[in-house]
Amino acid sequence: MTTSDPSDAVLMEAGDKIHDRRWLEREYQRQLEYHQTLETRIVRSEERRRALIHILHGLNKLNKQLSDQRKAMLHILADYERDRRGMAQQTVRLDNSRRTLLHILQDSHHSNLRLEESRKAMIHIMTDLKETTEEIKRQEQELREKHEQLVQAGKLATLGELTTGVAHELNNPLNGINLFVGNAIDMVELGLASTEPQHLLQELRNTMQQVGKATSIISHLRTFGRTASARREPILLGFVVHEALTLIQEQLRLRQIEVCLKFPPEEVKVLGSAIQLEQVFLNLLTNARDAMVKSKQKRVTISCTVNGDIVEIRVSDTGTGILPELERRVFDPFFTTKEVGQGTGLGLSITYGIIRDCGGTIVLENHPGEGATFVIHLPLLQQVEEAVP
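Please read these numbers as outputs of a predicted model, since none were measured by experiment.

A. Up close: the environment of D317. On the secondary structure map, D317 appears in strand β5 (residues 310–317). As a C-alpha pair, D317 and I257 span 60 residues in sequence and 9.8 Å in three-dimensional space. When residues no more than four places from it in sequence are discounted, the contact partners of D317 are A288, A291, M292, R299, E370, G371 and A372. A polar contact is formed between the side chain of D317 and the backbone nitrogen of G319, at a distance of 2.9 Å.

Written out as structure tokens, the structure is:
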């Protein structure tokens, strides 16, 4: 058996240790490199992690934006759907409106045709209306002329009834003229004209005075008999009543009829025609005269009062009055309670028309068996400088 040298064993052992140390160094170096590699990987992994986190954070934001956009898109789609439905409904309404408009246009066309026909008919109607209006104006003019003729006829009839009284009124001044002229002739024939000239002049003056009275009566008759003007003018009411009494007072005196006048002290002025109003009072006085034929007490009362802006004239008599059933007819034309041949029935009708034309009213207050009163209301004329008699 071979025995080994101890130094060799030591050397071998030392070599093994050197070999192991070198291996360990290499292994350590390898581990260091591996460690560095791992650290590098870790750093890179951390960077990738951070990048991934950043990317994920961006993706999260992107997802949120996409979610918001999706919601917005849903709202847009909903609005679009709503608008689409609204547009569809509007389209339906527009279509209905179009159809309605077509019907309206058709109706308008028919209406225009009817309107044209109506226009033509209206033209014919207007033509007929114009002709009718002209005819009405012509008839109104004829009626006005006939009314004036009727008033004039009533006036002449009144004058005819007053002839006896007027003749008597004229007879008085004519007798006076005859007397005074006879006295003057006697003085001339007896040669007294030179010795008593003043007496002769007085007789001639008396004659002229009587001529003036006769002339005044004739002038009044001519004025009353002429056609009255339609023009209305301020007049004194008391003067008109006095003039009417002048024409009929002789007839009233012969029939023993008392006339009582009750007028205010101040002048009462109204607007109208003096001749026509004189005719009114003549008609009322004539009716009162005839109504008192069988009365024991014969009195006519004419009173005048002013109430505010209204003048009230009352003409009363003490006759027999009017039968109640005839009261409503007293102002009708050609109605009379007198015997045939004693009245035309126009007096009160004409009176009613004249008072109405003056803007007034006339009514009857009847008292059967005691008399009748005609009440006239006329507008008072104020602030007039001068009234026409």
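The structure having been displayed, the exposition proceeds.
B. How the structure looks around the pairing of strand β4 (residues 299–307). As paired strands, strand β2 (residues 258–262) and β4 are joined by five bridges and run parallel to one another. Paired with K262 across the two strands is S303, which belongs to β4. Of the pairings in the sheet, the one linking β4 to β5 comprises eight bridges and is antiparallel in character. In the strand pairing of β5, T305 is matched with E312.

C. Structural view of helix α5 (residues 274–291). With 18 residues, α5 should cover 26 Å at 1.5 Å per step; its first-to-last C-alpha distance of 26 Å lies within 8% of that length. Among the 18 residues that make up α5, 15 are buried, leaving the element largely enclosed by the rest of the structure.

D. Focus on helix α6 (residues 347–357). Among the residues of α6, L348, S349, I350, T351, G353, I354 and I355 are the ones counted as buried. Backbone geometry just downstream of α6 places G359 in the positive-phi region, at approximately 80°.

E. The arrangement of the side chain of S316 in detail. Here S316 is to be found in strand β5. Among the polar contacts listed, one links the side chain of S316 to the side chain of T373, at a separation of 2.9 Å. If near-sequence neighbours (up to four positions away) are discounted, S316 is found in contact with R299, V300, T301, A372 and T373.

F. Focus on the packing of helix α4 (residues 237–254) against α5. As a packed pair, α4 and α5 sit with axes 9 Å apart at the nearest point and diverge in direction by 40°. On the basis of their axis angle, the class for α4 and α5 is oblique. Handedness of the crossing formed by α4 with α5: right-handed. Between α4, through L237, V240, V241, E243, A244, L245, L247, I248, Q251 and L252, and α5, the contact on the second element is made entirely by A274, L277, E278, F281, L282, L285, T286 and R289. Of the residues contributing to the contact of α4 with α5, the split by class is 13 nonpolar, two polar and three charged.

G. Geometry of the pattern of salt bridges. As enumerated under the stated definition, the model contains 15 salt bridges in all. For R84, the salt bridge is made with E81, and the minimal N-O distance between the two is 2.4 Å. With a gap of three residues between them, R84 and E81 both fall in helix α1 (residues 6–161), about one helical turn apart. Its relative accessible area of 40% is what places R84 among the partly exposed residues. For R356, the salt bridge is made with D357, and the minimal N-O distance between the two is 4.0 Å. Connected through shared salt-bridge partners, E46, R49 and R50 make up one network.

Reading the values: the criteria
Residues numbered from 1 in each chain as written. Predicted model: local features only at pLDDT ≥ 70, side-chain atom pairs only at ≥ 80, totals over all residues. Heavy atoms only, no water. Helix = DSSP H or I, 4+ residues; strand = E, 2+ residues; numbered from the N terminus. Contact = heavy atoms within 4.5 Å. Polar contact = N/O pair within 3.5 Å; in protein donor to acceptor, adjacent residues only side chain to side chain. Pairing = 2+ DSSP bridges. Expected span 1.5 Å × (residues − 1). Buried < 20%, exposed > 50% of the residue type's maximum accessible area, 1.4 Å probe, protein only. Axes fitted to C-alpha atoms, helices over the stretch in contact; angles between N-to-C directions. Parallel < 35°, antiparallel > 145°, perpendicular 65-115°, else oblique. Left-handed = near helix turned anticlockwise from the far one by under 90°. Nonpolar A, V, L, I, M, F, W, Y, C, P; charged D, E, K, R; others polar. Salt bridge = Lys/Arg side-chain N within 4 Å of Asp/Glu carboxyl O.

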